[in-house]
There are 2 protein chains.
Amino acid sequence: MSEFDQGTAVVRRPAEDGPADAPVVFDAELDKGWQIGGGINGGLLLALVGRALSERLDEVGGHPQPVSVSAYYLSASRPGPAEVHVETIRSGRSLSSGSAVLVQHDDEGRPVERLRVLAHYGDLARADEDVRTSAKPPALPPVEQCVSTAAAPPEFLASANLLERLDLRLDPATVGWALGKPSGEGRIQGWFRLADGREPDPLALLFAVDALPPTTFDLGLFGWTPTVELTVHVRALPAPGWLRIVHSTRNLAGGFLEEDCEIWDSADRLVAQSRQLAVVPR
Amino acid sequence: MSEFDQGTAVVRRPAEDGPADAPVVFDAELDKGWQIGGGINGGLLLALVGRALSERLDEVGGHPQPVSVSAYYLSASRPGPAEVHVETIRSGRSLSSGSAVLVQHDDEGRPVERLRVLAHYGDLARADEDVRTSAKPPALPPVEQCVSTAAAPPEFLASANLLERLDLRLDPATVGWALGKPSGEGRIQGWFRLADGREPDPLALLFAVDALPPTTFDLGLFGWTPTVELTVHVRALPAPGWLRIVHSTRNLAGGFLEEDCEIWDSADRLVAQSRQLAVVPR
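Calculation rules
- Residues numbered from 1 in each chain as written.
- Chains lettered and ligands numbered in written order.
- Predicted model: local features only at pLDDT ≥ 70, side-chain atom pairs only at ≥ 80, totals over all residues.
- Heavy atoms only, no water.
- Helix = DSSP H or I, 4+ residues; strand = E, 2+ residues; numbered from the N terminus.
- Rg over C-alpha atoms; globule rule 2.2 N^0.38 Å.
- Buried < 20%, exposed > 50% of the residue type's maximum accessible area, 1.4 Å probe, protein only.
- Contact = heavy atoms within 4.5 Å.
- Areas by Shrake-Rupley, 256 points an atom, 1.4 Å probe, with all protein chains shown as cover.
- Lys, Arg positive; Asp, Glu negative; His and termini not counted.
- Charge placed at Lys NZ, Arg CZ, Asp CG, Glu CD.
- Pairing = 2+ DSSP bridges.
- Buried area = accessible area lost by both parts, 1.4 Å probe.
- Salt bridge = Lys/Arg side-chain N within 4 Å of Asp/Glu carboxyl O.
- Expected span 1.5 Å × (residues − 1).
- Polar contact = N/O pair within 3.5 Å; in protein donor to acceptor, adjacent residues only side chain to side chain.
- Least-squares fit on C-alpha atoms with pLDDT ≥ 70 in both.
- Disulfide = S-S within 2.5 Å.
- Phe/Tyr/Trp six-rings, centres within 6.5 Å; stacked < 30°, edge-to-face > 60°.
- Lys NZ or Arg CZ within 6 Å of the ring centre and 35° of its normal.
- pLDDT = per-residue confidence, 0-100.

Chemist: Is there a simple way to think about the overall build of chain A in this case?
Modeler: From N to C terminus, chain A includes four helices and 17 strands. The C-alpha atoms of chain A give 19 Å as radius of gyration, which agrees with the globular expectation for 282 residues (19 Å, within 12%). Relative to its full complement of 282 residues, chain A shows a buried share of 59%. In chain A, once contacts between residues fewer than 6 apart in sequence are set aside, the share between residues at least 24 apart is 72%. Of the accessible surface of chain A, which amounts to about 11400 Å², a share of 51% is contributed by carbon and sulfur atoms. The centroid of the 26 positive side-chain charges in chain A is displaced by 4 Å from the centroid of its 39 negative side-chain charges.

Here you go:
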């Protein structure tokens, strides 16, 4: 089993006696290998919750893949046990909709919500084949001419276990910040794949939209940039191979910034679009 | 009271005996004056739910304004009574978070969910004043050189009561579709204000992000384009006066399209950013 599938594994609890519409509970273990800065990476959490939703919405509606997923981040997740509580809201012909909560327990055993999610799931293998994409894929140098994050300083890597699980090659034109020369444009882009070769799928896209360094680095702001909201639209099943990811911001204001992300697959399809709202580092 | 404030009014029900964390219920009346096509406009619904959330999250956390709001649309709303059930998820120092459901009853009296919402609320009057916006406001001709939607054919206006409540002046460069010549670019932009002169505020922005004609018109697709998901980030308190709204799409695929919206105020601030996922018309 791949590192990603292990890291996002969920185990469904047997149903307890109770109302038929009671939430279905899944158990999970948040592994410290997915830490970045002060907590577990937000995209990994989204993929884990997304897997629980996938199991449940496939069961009730035959809709296994995320089409739209919105996560509201409430507190930083820690390595250790976690629960996902999944509620089915509605099951229709083309979409099933659900809600989910990721819960951990504090030192006194009290439940603490980490994030809450709303989602529409569908069947991307049956999607309409009409494609009219006016967006253009990023012009990236070849993989071997890009900058591997494995080259980051050891003291940085020590607080970013996550990076060992990724093969991330950043466009040299957008890594000036690593040499003390941020461009100020607010754009970081590069090639992405999972380090163990696990091919992309919709759940991996939920992770990948939050896996690049924050665009604030390219604005010369290097503190922690916690996500408060993240919405992902999965627009197609990704083809195997490298993904190209573009991360950009255009409006830092009021203590927040938006981060837009596009993911293009090896077949030049725009497979995911996301936007998050994050807190500006102090 | 303005048409918009009437149309989004909510009346809180006295608390019933029950758990302290039970949802707070608000009653509302959906007025047919806000219809467009087959149902009540999605932005109006979002503003109405946003008003209920505002009352509750201001009460529990001193956070009256929407910062991030995500709505999952589940079924078409009809004119008539509706309820908003608001749950407080968390109240922190800078943000309070809540969930809300808009419910109507069918002919047999069964409750039907129209939309479900997650939201972070804050206090935009106390927001950090550092602004670094690299986005540029749209270059629009003066208001008087733009095309009023009041000039639309009467048979169209008959199914779009909503338009009587708006003063919408579209950029002539983006209304070729009205003359049988859609540009194919997927962009519609113009000036916006409420017809009765009610000035913009954050709740009005929740409405305004979904008030322009769908970008599919500019692709030559004229059917109904139901929203399935809409997330709005309110980035600043809007100044009084006309708003400029840009609506665009870059990826029609798999039976869905995204619609990005930017709203600029009269002081040249980017006051709201939104994206929705909508169904491609047949």
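Moving on from the coordinates now.
Chemist: Hey, could you run me through the pairing of strand 13 (residues 227-234) of chain B in this one?
Modeler: Regular strands have side chains that alternate between both faces of the sheet. All names here are of chain B. Of all eight residues in strand 13, eight are buried, a share of seventy percent or more. Summarising the sheet, strand 13 and strand 17 (residues 270-279) pair through seven bridges and their orientation is antiparallel. Bridging from a neighbouring strand, H233 pairs with Q273 of strand 17.

Chemist: Honestly, the interface of chain B and chain A in this entry has me stumped. Any pointers?
Modeler: Interface extent is often summarised as the accessible area lost during association of the parts. At the junction of the two partners, chain B supplies 57 residues and chain A supplies 57 residues. Taken together, the two surfaces of chain B and chain A that pack against each other cover about 4600 Å², and 50% of this comes from carbon and sulfur. The largest per-residue losses of area from chain B upon contact with chain A belong to Y72(B), R235(B) and R250(B), which jointly make up 16% of the total buried on that side. Taken together, the connections running from chain B to chain A amount to seven salt bridges. Note that E262(A) is salt-bridged to R250(B), the shortest N-O span being 2.5 Å.

Chemist: So what exactly am I meant to see when it comes to helix 2 (residues 42-61) of chain A here?
Modeler: Three or four residues apart is the spacing at which side chains of an α-helix point the same way, because the helix has 3.6 residues per turn. Residues and elements named next belong to chain A. In this model helix 2 runs 27 Å from its N-terminal to its C-terminal C-alpha over 20 residues, within 8% of the 28 Å that 1.5 Å per residue would give. Counting buried residues in helix 2 gives 15 out of 20 residues, a clear majority hidden from the surface. The backbone nitrogen of G43 has a side-chain oxygen 2.9 Å away, supplied by the residue at the start of helix 2, namely N41. Of the residues one or two after helix 2, G62 is the one with positive phi, at around 70°.

Chemist: I would appreciate a short explanation of the pairing of strand 13 (residues 227-234) of chain A in the present structure.
Modeler: Taken together, the five bridges between strand 5 (residues 65-73) of chain A and strand 13 of chain A define a ladder with antiparallel strand orientation. Among the inter-strand pairings, A71(A) is bridged to a residue of strand 13 of chain A, identified as L230(A).

Chemist: I would appreciate a short explanation of the relation of the copies chain B and chain A in the present structure.
Modeler: Both copies of the chain are tied together by a single rotation about an axis and a shift running along it. Rotating chain B by 180° and translating it 0.0 Å along the rotation axis places it on chain A, where the RMSD comes to 0.0 Å. These values place the two chain copies in the arrangement generated by a two-fold rotation axis. Residue by residue, 100% of the interface of chain B is reproduced at the interface of chain A, so both copies engage with the same surface.

Chemist: What is the right way to look at the state of the cysteines in this model?
Modeler: Cysteine pairs can be linked by a disulfide, which is a covalent bond between their two sulfur atoms. Residue and element names in this part refer to chain A. This model, assessed by the stated rule, comprises zero disulfides over all chains. C146 carries a free sulfur, and the closest cysteine sulfur to it, the one in C261, is 16 Å from it. With a relative accessible area of 2%, C261 lands in the buried category.

Chemist: Explain unusual backbone geometry to me, please; I cannot follow it from the model alone.
Modeler: Most of the time, phi is negative for any residue but glycine, and the peptide bond is trans. Residue and element names in this part refer to chain A. Of note, the phi angle at D268 is positive, near 65°, even though the residue is not glycine. Topologically, D268 is positioned in the loop between strand 16 (256-264) and strand 17 (270-279). Overall, D268 belongs to the partly exposed group, its relative accessible area being 46%.

Chemist: Whenever I open this one, the side chain of T231(B) confuses me. Can you help?
Modeler: With respect to the helices and strands, the residue T231(B) is situated in strand 13. In terms of polar contacts, T231(B) uses its side chain to reach the side chain of T231(A), at 3.3 Å. Contact partners of T231(B), with chain neighbours within four places excluded, come to S70(A), E229(A), T231(A), S68(B), V69(B), S70(B), Q273(B), S274(B) and R275(B).

Chemist: Looking at this structure, how should I read the environment of N161(B)?
Modeler: All names here are of chain B. Relative to the elements of secondary structure, N161 occurs in the loop between helix 3 (154-157) and strand 11 (166-170). It is 5.2 Å that separates the C-alpha atoms of N161 and G33, two residues lying 128 residues apart in sequence. Filtering out sequence-adjacent residues up to four positions away, N161 remains in contact with K32, G33 and Q35.

Chemist: Would you take a moment to explain the pattern of salt bridges for this structure?
Modeler: All chains considered together, the criterion is met by 43 salt bridges over all chains. The salt bridge involving R165(B) is made with E3(B); its shortest N-O contact spans 3.6 Å. Of this pair, R165(B) sits in the loop between helix 3 and strand 11 while E3(B) sits in helix 1 (residues 3-7); the two residues are 162 residues apart in sequence, bridging distant segments of the chain. Here the salt bridges do not stand alone but share partners, grouping D5(A), R51(A), R198(A) and D201(A) into one network.

Chemist: Just to check I follow, could you spell out the packing of aromatic side chains for this structure?
Modeler: Two aromatic rings, taken as a pair, are described by how far apart their centres are and by the angle between their planes. Residues and elements named next belong to chain A. Scanning the model with the defined rule gives twelve aromatic pairs over all chains in all. Between W191 and W242, the ring centres sit 6.3 Å apart and the planes meet at 80°, which makes this aromatic pair edge-to-face. Taken together, the positions of W191 in strand 12 (residues 187-194) and W242 in the loop between strand 13 and strand 14 (243-248) put the pair 51 residues apart, joining distant regions of the chain. Judged on exposure class, the residue W191 and its partner W242 are both buried. Sitting over the ring of W34, R165 keeps its end group 4.9 Å from the ring centre.

Chemist: So what exactly am I meant to see when it comes to the confidence of the model for chain A here?
Modeler: Detailed reading of predicted coordinates is not advised where the pLDDT is low. Taken as a whole, chain A shows an average pLDDT of 94; of its residues, 100% reach a score of 70 or greater. For this predicted complex, the interface score ipTM comes out at 0.96, while the overall pTM is 0.97.

Chemist: Just checking my understanding: could you explain the environment of L140(B) for this structure?
Modeler: Residues and elements named next belong to chain B. Position of L140 relative to the elements: it lies in the loop between strand 9 (131-133) and strand 10 (147-148). Here the alpha-carbon distance between L140 and A173, two residues 33 residues apart in the chain, equals 9.1 Å. When neighbours within four sequence positions are excluded, L140 is seen to be in contact with D171, Q189, G190, W191 and R244.

Chemist: Is there a simple way to explain the side chain of D260(B) in this structure?
Modeler: With respect to the element layout, D260(B) can be found in strand 16 (residues 256-264). Among the residues examined, D260(B) registers a relative accessible area of 15% and is labelled buried. Ignoring sequence-local partners within four residues, the contact set of D260(B) consists of R275(A), V246(B), H247(B), S248(B), S274(B) and R275(B).

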